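These are the residues of each chain, in order.
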Amino acid sequence: MNSLNVKQIEEILPHRHPFLLVDYIEDYEPGQYAIGYKCVTFREDFFRGHFPQEPVMPGVLTIEALAQTGAVAILSEEESRGKIAYFAGINKCKFKGKVVPGDKLRLETRIIKRKGPLGIGEAKASVDGKVVVQAELTFMVG
């Protein structure tokens, strides 16, 4: 298994706090897949306004965390090092559960199609084995 800590992730991704949404990568294979985690704490900035009476991680940030996980797989390829993976589309997205403070969010993105700089990742986020978000993410490396 190939694992990465947050400092190693920062060597691959251009994202930084507070927008780096992946705490560590448990396993990855360049160009194929990455499995990472976000440890969600009550101290996340977005919880102050979403929602004060019932804190819930915004679904779009869960999608972003999945995209960053997929970007680790793509940008860890030698020919993509130093580049940026941009969003080109989100399809078949389903929100199936909430992410709340204290959750350990498992992020898994598998690259299922590539053609030149474009690609598609099959992404799934889960908490305690229950899928909370799934989507097909289209990206462009540039």
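In what follows, the structure referred to is the one given above.
Residues numbered from 1 in each chain as written. Predicted model: local features only at pLDDT ≥ 70, side-chain atom pairs only at ≥ 80, totals over all residues. Heavy atoms only, no water.

Caption draft 1: How the structure looks around the overall build of the protein chain. A count of helices and strands for the protein chain gives 2 helices and 6 strands. What you see in the protein chain, going N to C, is helices and strands ordered as α-β-β-α-β-β-β-β. Over its C-alpha trace the protein chain gives a radius of gyration of 14 Å, about what one expects of a compact globule, namely 14 Å for 142 residues. Expressed as lengths along the three principal axes of its C-alpha atoms, the size of the protein chain is roughly 45 × 30 × 25 Å. (Helix = DSSP H or I, 4+ residues; strand = E, 2+ residues; numbered from the N terminus. Rg over C-alpha atoms; globule rule 2.2 N^0.38 Å.)

Caption draft 2: Examining the sheet that holds strand S3 (residues 85–95) more closely. The 6 strands lie next to each other as S1-S2-S4-S5-S6-S3, forming an open sheet whose pairing is antiparallel. In this open sheet, the two strands that pair with only one neighbour each are strand S1 (24–29) and S3. Going across the sheet, the axis of each strand differs from the next one's by a mean of 20 degrees, ignoring polarity. In terms of strand pairing, S3 meets strand S6 (residues 130–141) through 8 bridges, oriented antiparallel. Bridge pairing in S6 links Ala85 to Val141. Running at roughly 55 degrees to strand S4 (residues 104–115), helix H2 (residues 59–75) makes contact with S1, strand S2 (33–39), S3, S4, strand S5 (118–127) and S6 of the sheet. (Pairing = 2+ DSSP bridges. Axes fitted to C-alpha atoms, helices over the stretch in contact; angles between N-to-C directions. Contact = heavy atoms within 4.5 Å.)

Any functional reading would require information that these geometric values do not contain.
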